[in-house]
Amino acid sequence: MNNRERILNILHYKDVDRFPAVHFGYWEELLQEWAEQGKIPKDLAVGNYDGSQKERELDYLIGWDCNWYKTVGFNYNLDPPFERKLLEVLPDGCRRILNEDGIIERVKPGTVSIPSEDDYLLKDREAFETLFKPKMQYSPNRINFDFFRNFSKTRPNDVTVGIHAGSVIGNVRNMTSVIGMSYLMYDEDEELFGDIIDTYADMQYKCLEAVLNTCEEFDFAHYWEDICFKNGPLISPKNFEKYCAKHYQKRNDLLHRHGIDIISLDCDGVTEQLLPVWFETGVNVMFPIEVGVWGDQFEPARKKYGKGMLGVGGMDKTALRKDKAAVDKEIERMKRLASLGGFIPCPDHRLMPGTKFELVQYYAEEIKKIKL
Amino acid sequence: MSIISEISENLQKGRLKTVKELVNSAIDEGIDPSKILNDGLLSGMNIIGEKFKNNQVYVPEVLVAARAMNAGIELLKPLLNKEKIKSKGRVCIGTVQGDLHDIGKNLVKMMMESKGLEVIDLGTDVSPEAFVNTAIEKSCHVICCSALLTTTMDVMSEVVKCAEKAGIRDKVKIMVGGAPITREFCERIGADCYTSDAASAADAAVELCAVQ
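Below you will find a few notes about this structure. Quick caveat, the model's predicted, so the values are computed rather than measured.

Rules used throughout
- The written sequence of each chain sets the order in which its residues are numbered from 1.
- Written order determines the labels here, with chains lettered from A and ligands numbered from 1.
- The predicted origin of the model limits local features to residues at a pLDDT of at least 70 and limits the giving and counting of side-chain atom pairs to 80 or more, whereas totals for whole chains, interfaces and linings rest on all residues.
- With hydrogens and water excluded, all non-hydrogen atoms of the structure serve as input to the side-chain values.
- Going along the chain from the N terminus, every DSSP run of H or I of four or more residues is numbered as a helix, and every run of E of two or more is numbered as a strand.
- The contact criterion used is simple: two residues touch if any of their non-hydrogen atoms lie within 4.5 Å.
- Accessible surface area values rest on a Shrake-Rupley calculation with a 1.4 Å probe, where residue burial reflects the displayed protein chains alone.
- Residues scored as positive are Lys and Arg, those scored as negative are Asp and Glu, and His as well as the terminal groups of each chain are ignored.
- For this purpose, a charge sits on NZ of Lys, CZ of Arg, CG of Asp or CD of Glu.
- Two strands pair under a simple rule: DSSP has to find at least two bridges between them.
- Simply put, an axis is a line fit to the C-alpha atoms, just over the touching stretch for a helix, and the angle between two N-to-C directions goes from 0 to 180 degrees.
- If you view the pair so one helix is near and one far, a crossing is left-handed when the near helix is turned anticlockwise from the far one by less than a right angle, and right-handed when it is turned clockwise.
- Residue classes follow a fixed rule: Ala, Val, Leu, Ile, Met, Phe, Trp, Tyr, Cys and Pro count as nonpolar, while Asp, Glu, Lys and Arg count as charged, and any other residue, Gly among them, counts as polar.

**A few points about the overall build of chain B**
And then number 1: Along chain B, the regular secondary structure elements total 9 helices and 5 strands.
And then number 2: Going from N to C terminus, chain B has its helices and strands arranged as α-α-α-α-β-α-β-α-β-α-β-α-β-α.
And then number 3: Along the longest, intermediate and shortest principal axes, the C-alpha atoms of chain B span 55 × 35 × 25 Å.
And then number 4: Across chain B, the fraction of contacts at a sequence separation of at least 24, relative to all contacts at a separation of at least 6, is 73%.
And then number 5: When the accessible area of chain B is evaluated, it comes to approximately 8900 Å², of which 48% is carbon and sulfur surface.
And then number 6: With 25 positive and 29 negative side-chain charges, chain B shows a spacing of 2 Å between the two charge centroids.

**Comments concerning the sheet that holds strand β4 (residues 173-177) of chain B**
In sheet architecture, strand pairing relies on hydrogen bonds along the backbone and comes in two forms, parallel and antiparallel.
Residue and element names in this part refer to chain B.
And then number 1: In space, the 5 strands of this open sheet follow the order β2-β1-β3-β4-β5, with parallel pairing throughout. Looking along the sheet, the strands with just one partner apiece sit at the ends: β2 (118-121) and β5 (193-194).
And then number 2: Relative to β4, strand β3 (residues 142-146) runs parallel, the two being bridged by 5 bridges. Within β4, the residue paired with I143 across the bridge is I174.

**A word on the environment of E190(A)**
And then number 1: In this fold, E190(A) is placed in helix α8 (residues 190-214).
And then number 2: Setting aside residues no more than four positions away along its own chain, E190(A) makes contact with L184(A), M185(A), K242(A) and Y243(A).

**Some thoughts on the sheet that holds strand β12 (residues 263-266) of chain A**
Residue and element names in this part refer to chain A.
And then number 1: Here we have 7 strands laid out as an open sheet, ordered β3-β8-β9-β12-β13-β14-β15, and parallel in their pairing. Unpaired on one side and paired on the other, β3 (71-72) and β15 (343-347) mark the two borders of the sheet.
And then number 2: Where strand β8 (residues 162-166) lies against strand β9 (residues 220-224), 4 bridges are found, and the strand directions are parallel. The partner of I163 across the bridge, within β9, is A221.
And then number 3: Lying over the sheet, helix α1 (residues 3-11) contacts β14 (310-315) and β15, oriented at roughly 120° with respect to β15.

**Some words on the packing of helix α1 (residues 3-12) of chain B against helix α3 (residues 33-53) of chain B**
All names here are of chain B.
And then number 1: Two elements in contact, α1 and α3, have axes whose closest approach is 8 Å; the angle formed by their N-to-C orientations is 35°. Seen from above, α1 lies across α3 with right-handed handedness. Seen from α1, the contacting residues are I4, I7, S8, L11 and Q12; seen from α3, they are K35, I36, D39, G40, L41, S43, G44, M45, I47, I48 and K51.
And then number 2: Residue classes in the contact of α1 with α3 are distributed as 8 nonpolar, 5 polar and 3 charged.

Next up, the structure:
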């Protein structure tokens, strides 16, 4: 039994010989740390991304079976993106940069941090019509048709590969910032906010449809959103349903028509309050279920939605920075969740700096010993 | 509905323009500025804070309400200064060194201000020394540290150590919060208070200031 069969069997409640050791990639700084410690070759520390050949080599070295986030897809970003441009160097050394999504971000050289958002261009109807809408249109150039025509011959057959179904709100949030999204939605122009979501979603639907009409060789579909945080969603569930539900429904119906019945969605934070929309429209895999940093949980969702709710993730990755006892505790918890069926243990986000190489190896080996 | 209630209602809906118009009208009508502030703006923001704590409203609603509150306060400021309103305590707040994120920190700041606290905002990427020096120079009752990242949260323990070294640990309370922070972490580093959301942080800060 290969890992593709193992993963698909688990998510369809069928028997497996053992559990696969699945992960969700790394912070680049961690790979550099491991290279400096002599744990991995230096060339594996750079250019290593989800599903890449280098990652496969690293998987082998560590003992992982595969990364869940191995997807292929279309370009769902602004096209062309805004030209990344340095706008200003502040007295404290911080740089204000216009990024590809039209956000003015603040970064500090030498600091390992996600950039913070200072300002944004998508503030009104005029900015949308002139700067953004032209970049949100469908074009065949968004899709590598040759790649998909040959995909059945080129895809790896021993691991799952998903079709990336894009994003309904996460990328719009990336263009407006959390603050801008809030102002538009509640005070300034809710109709415009709806138009942005609709325009952006329609383009992605057309892309997805074109890909699926070319190729159906996908094991699952996958969305990216990241629209929740520690205390829940960054949008009210009511507005989420109002603006987003119809687009998930339309896209998921399309996926179902093409035989895809596993639809995963990557959302950090505590997702509980958005699950009804996702689940009711066809998204059925919670991922990565951030237990450690944010306190998200899989079991309550399974209790509420039943066996139709699947999960990949849920392992507190911070244990891999601690010690064997902490990892053992997580493995025991993973065994319990695995016994529910339809659940694949996986660290609950990318492994971060400070993660101990030997503990990761240990975890991967132990997970493979799980049997149902 | 009185104009004060209208201010509160519209603030809760995040209606920036309407709140500004109503505050200006209330000033023109000769209503006591402290009444406009306390019964209109701060009262509305406190309702939003409570609803946020109870998951009845979400981050966007708090952000738009806070923006409306700030706009109203700006209009009142020249009038309020004359009245010398006494604050309930003084807090210095910032995002810790290495971390540039400020949405959470700004929410806490706005909630604290709506509770009548004086808040000194140190911004982002704030060193432990800057927190402690400000607390000494401005006689702060509370230092409030925010972090979004697991890679920066450990700076908070440096803030605690720095306060100890400066000999002010018994004079100032240290609050910690942010995405990766837990009560267990707060206790482990020897900070005084952790809350899980911005509105609770404001309530806790008022209590900490009251006992100092």
